[in-house]
Protein chains: 6
Amino acid sequence: PGRLYSATHEEILGGWTTDIYFLKTRDVLRAAGRLDVPVTAEIFARQEGVFAGLGEVLSLLDRKGTDLAVEALPEGESFASKEVLVRIRGTYEAFGLYETVLLGMLASSTGWATAARRCVEAAEGLPVICFGSRHVHPAVAPVMERAAVVGGCVDASCILGAKLLGKDPKGTIPHAAILLAGDTVELARVYDGLLPEGEPRTVLVDTFKDEAEEALRVAEALGDRLSAVRLDTPGERGGVTPDLVREVRYRLNLAGYGHVAVLVSGGLSPDRIRLLAEAGAAGFGVGSYITHATPRDMTMDLKEVDGKPVAKRGRLPGPLPNERLKRVR
Amino acid sequence: PGRLYSATHEEILGGWTTDIYFLKTRDVLRAAGRLDVPVTAEIFARQEGVFAGLGEVLSLLDRKGTDLAVEALPEGESFASKEVLVRIRGTYEAFGLYETVLLGMLASSTGWATAARRCVEAAEGLPVICFGSRHVHPAVAPVMERAAVVGGCVDASCILGAKLLGKDPKGTIPHAAILLAGDTVELARVYDGLLPEGEPRTVLVDTFKDEAEEALRVAEALGDRLSAVRLDTPGERGGVTPDLVREVRYRLNLAGYGHVAVLVSGGLSPDRIRLLAEAGAAGFGVGSYITHATPRDMTMDLKEVDGKPVAKRGRLPGPLPNERLKRVR
Amino acid sequence: PGRLYSATHEEILGGWTTDIYFLKTRDVLRAAGRLDVPVTAEIFARQEGVFAGLGEVLSLLDRKGTDLAVEALPEGESFASKEVLVRIRGTYEAFGLYETVLLGMLASSTGWATAARRCVEAAEGLPVICFGSRHVHPAVAPVMERAAVVGGCVDASCILGAKLLGKDPKGTIPHAAILLAGDTVELARVYDGLLPEGEPRTVLVDTFKDEAEEALRVAEALGDRLSAVRLDTPGERGGVTPDLVREVRYRLNLAGYGHVAVLVSGGLSPDRIRLLAEAGAAGFGVGSYITHATPRDMTMDLKEVDGKPVAKRGRLPGPLPNERLKRVR
Amino acid sequence: PGRLYSATHEEILGGWTTDIYFLKTRDVLRAAGRLDVPVTAEIFARQEGVFAGLGEVLSLLDRKGTDLAVEALPEGESFASKEVLVRIRGTYEAFGLYETVLLGMLASSTGWATAARRCVEAAEGLPVICFGSRHVHPAVAPVMERAAVVGGCVDASCILGAKLLGKDPKGTIPHAAILLAGDTVELARVYDGLLPEGEPRTVLVDTFKDEAEEALRVAEALGDRLSAVRLDTPGERGGVTPDLVREVRYRLNLAGYGHVAVLVSGGLSPDRIRLLAEAGAAGFGVGSYITHATPRDMTMDLKEVDGKPVAKRGRLPGPLPNERLKRVR
Amino acid sequence: PGRLYSATHEEILGGWTTDIYFLKTRDVLRAAGRLDVPVTAEIFARQEGVFAGLGEVLSLLDRKGTDLAVEALPEGESFASKEVLVRIRGTYEAFGLYETVLLGMLASSTGWATAARRCVEAAEGLPVICFGSRHVHPAVAPVMERAAVVGGCVDASCILGAKLLGKDPKGTIPHAAILLAGDTVELARVYDGLLPEGEPRTVLVDTFKDEAEEALRVAEALGDRLSAVRLDTPGERGGVTPDLVREVRYRLNLAGYGHVAVLVSGGLSPDRIRLLAEAGAAGFGVGSYITHATPRDMTMDLKEVDGKPVAKRGRLPGPLPNERLKRVR
Amino acid sequence: PGRLYSATHEEILGGWTTDIYFLKTRDVLRAAGRLDVPVTAEIFARQEGVFAGLGEVLSLLDRKGTDLAVEALPEGESFASKEVLVRIRGTYEAFGLYETVLLGMLASSTGWATAARRCVEAAEGLPVICFGSRHVHPAVAPVMERAAVVGGCVDASCILGAKLLGKDPKGTIPHAAILLAGDTVELARVYDGLLPEGEPRTVLVDTFKDEAEEALRVAEALGDRLSAVRLDTPGERGGVTPDLVREVRYRLNLAGYGHVAVLVSGGLSPDRIRLLAEAGAAGFGVGSYITHATPRDMTMDLKEVDGKPVAKRGRLPGPLPNERLKRVR
Ligand SMILES: [Zn+2]
Ligand SMILES: [Zn+2]
Ligand SMILES: [Zn+2]
Ligand SMILES: [Zn+2]
Ligand SMILES: [Zn+2]
Ligand SMILES: [Zn+2]
Ligand SMILES: [Zn+2]
Ligand SMILES: [Zn+2]
Ligand SMILES: [Zn+2]
Ligand SMILES: [Zn+2]
Ligand SMILES: [Zn+2]
Ligand SMILES: [Zn+2]
């Protein structure tokens, strides 16, 4: 069988994922005698956001084992457009080759963390879970889940993502299991029997029947053992609307199942989250809004060469002050 | 030093990047005696696009070493919204756990290939190169570059990406090298001296001086040995416009450097490519348009269980015909 | 108990629904000796449409029993903006008092017929039924239903409307009956037992359960005796969408109920009709689009007084030619 | 001569304007033994508005002479979207057949009253008169005029409408009379001679001449006996604009006719009313804005059957509280 | 009394209206020994248009009496964006000082001619007259009228404008004369008595009375001697609309005055001209559309200095070919 | 050589630029015996603005040497839509012929002054210079420059314009001089040598090289003698952007040239001025925004004839009060 196309850790750390022109650059600079000149580089983003991905950057630079000095914004903090986020001092030789890698790590994690933060803010205290692994390549699924938690999500469903965060992975049961079982209630019973006591039971209620009907059937079957129903209504049935949440909530209350929470998922965005929270939803599973987040593009500029301020056309020469940076290395 | 957050190949193949609920599903279905029931699953996308990522899917399924039968659309072909792209038959046990992984592989590669194809079509035969590694996590940089080539890009600049494609990586010299050298012409001379004969020399001409002036200086310095100048004008200087391309082309011709091609990069999209090609650009380096492509979301539906057509609400039960699928396993 | 507020036939014919100023006009003109002067009046609409309401106008003018000569466009024909639709010659005394009444009759019937025509055209041969009585005052429900049939609808559900048209009223069973019965299938069985052989059985399937599930339940229960299911999904559940029609149609076919038609209703417009017909709907119940139609405002101008062309400012004096008018009195 | 198409009071009360499916429903429920089950029904509108039409509803229910208990919002009150407006308790047999009729009565009167209220609010104390009979079928002209007065209009011009409200009908003289007379001033003199002392004289001044010229001619002719001129300028002459009102007002004042009010009509809306009031208009005749008002669609839901809360999909089961309702029966 | 602020011919030709920096330029170039270097200059506009103003340019350059060679597009021809319109060869000393003056002459005449052409095209053969003197400073009124005739207008009303074109000035009578006379018909009679036989009589009919009424009064008074009425209805009365033109045309015909043309003026644009022509207007007086035309900005670039191609950044060095240019000097 | 097309002062004062119909009006009124009737005329504009052009009007009326009484708003004051700006009392004979001329003078100067004021307000105290002569005919260039200074501009570059204002003309050096010299620094040195001590040196820095580079070269060459650089970047290079201003400012400061101001020109509007001021620009050269200003159309109405209030349709008869008017004659 063929290999997977994603890069292994060794390949990344070995420079195999950098652009070839950095290798050429190294050769040219060596020939020009400029490779070991001390430089200052700064990284910034053109759009504001929530900073993430620094941990990986340091893991990589640490391995370079050199005299690099690094200042950076702490992960999870909001930053402004064009604010300096990372400043590296050292020889170009020591880190220049990794420009592509460093920027890619920061851009993707920061993009995901920023989108997650928007959802978390919209939920105003209600829990937001990231359901997005299926939208990204499995090699970066744990990177994405970690960034979502940096942005404020409460849990990770990807097993490795959870491990990286020192958490237990959280999740329930997909449509496929219900289809295989043939009936939601039947499956819910097996699930309930299997789960350790104390762990919350959440059942998906839009597979076969109208959600309101199925929610009541499941509640009747599991009684006090049921902690939540999840609505994930497909677009072909109108998606999850505030009216649907309100009615399921109302019918559950009317039938005496006030203890059963209504969780929602499927195409959620901060605006939808606000509307559904107001209608009674108690938690949110967000997929595409977080995972489709555009990478927060990062730019690394040389700002000092051999102690003198420089910059290419369009940039301000010399380091730019940012008192929020901390010395991290 | 800490670990990188991306998943290694072993972690992916070992199921560590799936969502925890697939593990629970396995347990529940085993308890319900439904784990070894034969099923048919189909994968489709809601939006049309250019199919890619199948190779990785097969690499994974191969390792599962079972009796799975797989039909699929060939990579690189365009598909319609909701067209069946992959059909898998076998026991749920054999592949169900990997739903998240399979969809993630297809969604990301297909998204990148689709965006690349749009650029390639706009270029009408002129070469398009993917310059996007810095926008994605290094773990998926080779995945992305490979997908861009499936979509029609001519070369890969990421070293590992090129290796996966059996090509030599292609590239030139970044702004940083010029800043370190202190003058574009000076650096161009060293670069020229270092490069093997026969390899094309392309020099970036927007670092220190107006592009038209710098292009003529470099052309004068390298003469017939110069194959191209690259314009990558920053937004702060108006970006690369059709007027700029037209003028640089005109001035090079007027000075007798008709053999020097004008390549462009920086914020290109299919519409920009069309305008710049018309103005005389001879090649395009595309970054964000390809790498920011939204993943082409994939859905996997169970369509048959134990020989009987099924489907959750909103989907049509039973396999849907698609004569374009090939038996790939 | 108080009286209803609508006007009886006697009140209308007796002039009680005209504006008071026409009575004053009569007195003033009598005092001025201008009441029995021969005049020509013309009626037109500012917007194009489908003409209707003429029958009532003639019923009224007939009762005035005088020497009025009337030319008019036949009911059901399309007309252009500002085209002359009715021309009346006689003394002002004989019909002037009824200007308000005549215009009101024509404006409302023409408005409804025009809207019905738009739906019928969109359905391209599939039947459109008017379900709109609940949107209008009961006094004009039969007027509206008659106009809808003039516009091309196939049937009337209002008992009196059907009688006016010499047809049998058509209809099925409302949500209320199903709610009272407590189950759709149960009610469908009673309904089937009660209906004369040969009359088609249509059952509403969105009251309690998901439409796809309920459609199959009802089809199973009634078998060959079921002629159609009706989808009237509430907005709270996403309304009736092309996807829903397509799926219900597909599932009925798959289960061997290809003979059961899928009828739709609920917020339909010509655009929705086109989309749903394409998805497999076989008939349409239209309510608000027809009944909310803006009255096609009519204007009556005096164009000749005592044989001389006149017109108020803004209008062209003298009768305007229209070869499509027929002498109807 | 043929009959009019509108329904007589006997036909309405006899159930001839209901939809045929309510008759079928009665038969089916009788066969199912569910016809005399006690139920609770609630009526609401999806859009906010000004409530009207209750009087007719009670006139009808009174004739059913049964034990129906009715709570309702008082006519003329504003209500919110989805607020319960009427609640009826009794057997379905006693009122279910009239669902179509009841909703039609409320929807049309409420639509008209709501539109009238918007105009009255815009006029900020200046009188608004409904001039709309010609836009509706004569059978509902008095229904519409009564609803307009519920909404805040000061007078009714329809003779029957005024009678229903216990008022004298109000009005002046149409363009036709002036055209027949051949000169506005001549007609104004006859009109003045005929009208009882003390009744206000209003003359229309846009039939033959420029409004400013005609207004001065009429004012000169009638002097202190003239109370108002009315501007109803046709669209072909630019309609009634703030500039026109301002100038006529100015020229009347300049010539010493400050006591003559300027009334306006023709295509008025709340926005136009605000502009014209500011320009000096003293009263407004509104036609299409009120009569073209979309019926305020009403929905009647069964909320209790045999003492148990019910509701179809999409609605909340059981009665919904509304403290503003009064017991009216 | 003070002087007028416009420049006299002597001041323009003497260089008093150039920018001071051209004087400084002369001094600097003299000091640098570059004043008598031969150069080639080209003039172009960024937007397409109709070329005008060349005559004045040549009048000025002729006076410089030097060896300037000039090629140019003929006046009245359409040109494309960036097309070379004028090419001048000679020493900078001979014409450089007049750059501002030359560009100003061309930009203003070309702007006016372009706008006039748009109106003339819309009129499809019906005459367009420029009524625009009151919108511009009197010093340029004849420049503007001449440009409008270059663009296609048939006549000039400005006395000096007509003289420049070798035409008799054309015009009628303003509102002021009618206001002074106190009655349109009265004034029309005096005007008719005074005008030489054979000259057409056009009377303005919107001063005191409704246009339709006044048109008929004037036609009655002057009979066959009246050639046209002019509608110039103020915005306060709705402006001149297609409906108004149609009605006046209709009423004149009906009364036997088919020989009286209907001319229109007041806020006309190409779109209005098209609508009014279709409604029966026979001629158009255009003011603001022509006179408010944005000057067609002209740019003069040095393209050769001492026989060598040059250009500032952003322009193509060396003369650009244009076969449509004629040698005019 | 031919004549220029603009009118000389003699032609303007002699009435040669009025419309021919005023001559006809004079003849007709003389024949009607109405020429020496005393009248009151008022001038107003439909749009608000900044008043200018009065000086020329008075220069003209003074020459008429009659008993005209004139009240007017002072030049430079803001006025409201339809506010009376000038009131003239006298015989029509004495000024009526000059209606076209008077309105043209006021409309053009007021249009330019209004636009200039918008720019000056946006600059919030920083100097705005009018660079617009090349956009207008040279005959009105001084009229335009004077109006711009009335509107708030600080200087005039047109020699005659400056003279009219009693100022020295201000300006620097155009692109042409630099192109002729072949190098910006070379030309700057000559210019510096030639200019009297004490006069500020401003050098244009976008002709040959990137602005940041050229600004530093010029600053180095002239040192303390340089007062400002001007950025006039062509659209083909992205125009003058806030980023460009900010960077040139930053690089000048960094190199110790904090005393060198950054002036900007090229397509400026109030919005651009605000953005560039914020980025560090110290002065603004505005061309098209001021010179392309639509003339502020003026209307002159006769409001009294022989002591009696009159007005054409659409206007209010009699003088309208305005306490801001001053008696100026
Ligand atoms: Zn996705
Ligand atoms: Zn679902
Ligand atoms: Zn990016
Ligand atoms: Zn660059
Ligand atoms: Zn309705
Ligand atoms: Zn329904
Ligand atoms: Zn109407
Ligand atoms: Zn009217
Ligand atoms: Zn104007
Ligand atoms: Zn006029
Ligand atoms: Zn311009
Ligand atoms: Zn420039």
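Up top is the structure.
Values in this document were obtained by computation on a predicted structure and should not be read as measured data. (Residues numbered from 1 in each chain as written. Chains lettered and ligands numbered in written order. Predicted model: local features only at pLDDT ≥ 70, side-chain atom pairs only at ≥ 80, totals over all residues. Heavy atoms only, no water.)

Chemist: Tell me about the coordination of the zinc ion (ligand 7), and please be specific about residues and values.
Modeler: On the protein side, the zinc ion (ligand 7) has D297 of chain C (OD), D297 of chain C (OD), H135 of chain D (ND1) and H292 of chain D (NE2) as donor atoms, found 1.7 to 2.8 Å from it. Here the zinc ion (ligand 7) binds four donor atoms, and the angle range of 52 to 131 degrees at the metal identifies the geometry as irregular. With one member in each of two chains, D297 of chain C in the loop between α13 (288–291) and β12 (298–305) and H292 of chain D in the loop between α13 (288–291) and β12 (298–305) form a pair that bridges those chains. A residue is classified by how much of its surface remains accessible, and D297 of chain C, at 28% relative accessible area, is partly exposed. (Donors = N, O, S within 2.8 Å, 3.2 Å for Na, K, Ca; no water. Tetrahedral: all angles 85-135°; square planar, octahedral: opposite > 155°, others 65-115°. Helix = DSSP H or I, 4+ residues; strand = E, 2+ residues; numbered from the N terminus. Buried < 20%, exposed > 50% of the residue type's maximum accessible area, 1.4 Å probe, protein only.)

Chemist: Lay out the relation of the copies chain A and chain B with the relevant residues and their values.
Modeler: With an RMSD of 0.1 Å, the operation that places chain A on chain B is a rotation of 180 degrees combined with a shift of 0.0 Å along the axis. Classification of the inter-copy transformation places it as that of a two-fold axis. No C-alpha of chain A lies nearer the rotation axis than that of T8 of chain A, which sits 2.6 Å from it. (Least-squares fit on C-alpha atoms with pLDDT ≥ 70 in both.)

Chemist: Could you give an account of the environment of Y257 of chain E, with specific residues and numbers?
Modeler: Residue and element names in this part refer to chain E. Position of Y257 among the secondary structure elements: in the loop between α11 (242–254) and β10 (261–265). In this structure the C-alpha to C-alpha distance between Y257 and R201, which are 56 residues apart in sequence, comes to 14 Å. Excluding residues that lie within four positions of it along the chain, Y257 makes contacts with L216, A219, E220, R249 and L252. (Contact = heavy atoms within 4.5 Å.)

Chemist: Account for the interface of chain A and chain B, naming residues and giving values.
Modeler: Residue-level contacts link 104 residues of chain A with 104 residues of chain B. In total, about 9800 Å² of surface goes out of reach between chain A and chain B, with carbon and sulfur atoms giving 65% of it. Counting the surface chain A buries against chain B, the share from its top three residues, Y5, R134 and R313 of chain A, is 11%. Where chain A packs against chain B, one counts 12 salt bridges. A salt bridge links E236 of chain A to K82 of chain B; its shortest N-O distance comes to 3.4 Å. Taken together, chain A and chain B are joined by 51 residue pairs in polar contact (both at pLDDT 80 or more). Of the residues in the side of chain A that touches chain B, the class split is 52 nonpolar, 25 polar and 27 charged. (Buried area = accessible area lost by both parts, 1.4 Å probe. Salt bridge = Lys/Arg side-chain N within 4 Å of Asp/Glu carboxyl O. Polar contact = N/O pair within 3.5 Å; in protein donor to acceptor, adjacent residues only side chain to side chain. Nonpolar A, V, L, I, M, F, W, Y, C, P; charged D, E, K, R; others polar.)

Chemist: For the sheet that holds strand β7 (residues 155–156) of chain A, give the residues involved together with the corresponding values.
Modeler: All names here are of chain A. The strand order β7-β6-β11-β10-β9-β8 describes an open sheet built from six strands, whose pairing is parallel. Each of the sheet's edge strands pairs with one partner strand only, and the pair in question is β7 and β8 (201–204). Pairing of strand β6 (residues 128–130) with β7, which is carried by two bridges, proceeds in the parallel orientation. Within β7, the position partnered with I129 by the bridge is D155. Those strands touched by helix α10 (residues 211–222) are β8 and β9 (226–231), and its axis lies near 165 degrees from that of β9. (Pairing = 2+ DSSP bridges. Axes fitted to C-alpha atoms, helices over the stretch in contact; angles between N-to-C directions.)

Chemist: I'd love a proper account of the pattern of salt bridges, names of residues and values included.
Modeler: For the structure on display, the rule yields 216 salt bridges over all chains. Measuring nitrogen to oxygen at the nearest pair gives 3.2 Å for the salt bridge that ties K24 of chain A to E199 of chain B. Remark: E199 of chain B occurs in the loop between α9 (184–194) and β8 (201–204) and K24 of chain A occurs in helix α2 (residues 20–32); the pair is interchain, linking two chains. With its nearest N and O atoms 2.9 Å apart, the salt bridge here joins E247 of chain F to R237 of chain B. One end of the pair, E247 of chain F, is in helix α11 (residues 242–254); the other, R237 of chain B, is in the loop between β9 (226–231) and α11 (242–254), on a second chain. Exposure remark for E247 of chain F: the relative accessible area of 1% places this residue in the buried category. Overlapping salt bridges, with partners in common, bring together R46, K82, D301 and R315 of chain A, E236 of chain B together with D243 and R246 of chain F in one network.

Chemist: Give me the sheet that holds strand β11 (residues 283–286) of chain E: which residues, what numbers.
Modeler: Residue and element names in this part refer to chain E. Spatially, β7-β6-β11-β10-β9-β8 is the arrangement adopted by the six strands of the open sheet, whose pairing is parallel. Each of the sheet's edge strands pairs with one partner strand only, and the pair in question is β7 (155–156) and β8 (201–204). Bridge count between strand β9 (residues 226–231) and β10: four bridges; the pairing is parallel. Bridged to V229 within β10 is V262. Strands in contact with helix α10 (residues 211–222) are β8 and β9; relative to β9, the strand with the most contacts, it is inclined by about 165 degrees.

Chemist: Give me the interface of chain D and chain C: which residues, what numbers.
Modeler: Each partner contributes to the interface: chain D provides 104 residues, whereas chain C provides 104 residues. Both sides of the chain D and chain C interface together cover about 9800 Å² of buried area, and 65% of this is carbon and sulfur. When the buried area of chain D at its contact with chain C is split by residue, Y5, R134 and R313 of chain D rank highest and sum to 11% of it. Seen at the junction of chain D and chain C, the total is 12 salt bridges. Measuring nitrogen to oxygen at the nearest pair gives 3.5 Å for the salt bridge that ties R46 of chain D to E236 of chain C. In this structure, the connection of chain D to chain C is made through 52 residue pairs in polar contact (both at pLDDT 80 or more). Sorting elements by how many residues they give to the side of chain D that touches chain C places helix α2 (residues 20–31) of chain D first, with 10 residues. Residue classes in the side of chain D that touches chain C are distributed as 52 nonpolar, 25 polar and 27 charged.

Chemist: Explain the packing of helix α5 (residues 99–123) of chain C against helix α12 (residues 270–278) of chain C to me, and be specific about the residues and the numbers.
Modeler: Residues and elements named next belong to chain C. Interhelical geometry of α5 versus α12 gives an angle of 20 degrees and a closest axis separation of 8 Å. Judged by the inter-axis angle, α5 sits roughly parallel to α12. Of the two possible hands of crossing, α5 and α12 adopt the one that is right-handed. Contacts between α5 and α12 involve R118, C119, A122 and A123 on the former and, on the latter, P270, I273 and R274. Across the contact of α5 with α12, the residue classes break down as five nonpolar, no polar and two charged. (Parallel < 35°, antiparallel > 145°, perpendicular 65-115°, else oblique. Left-handed = near helix turned anticlockwise from the far one by under 90°.)

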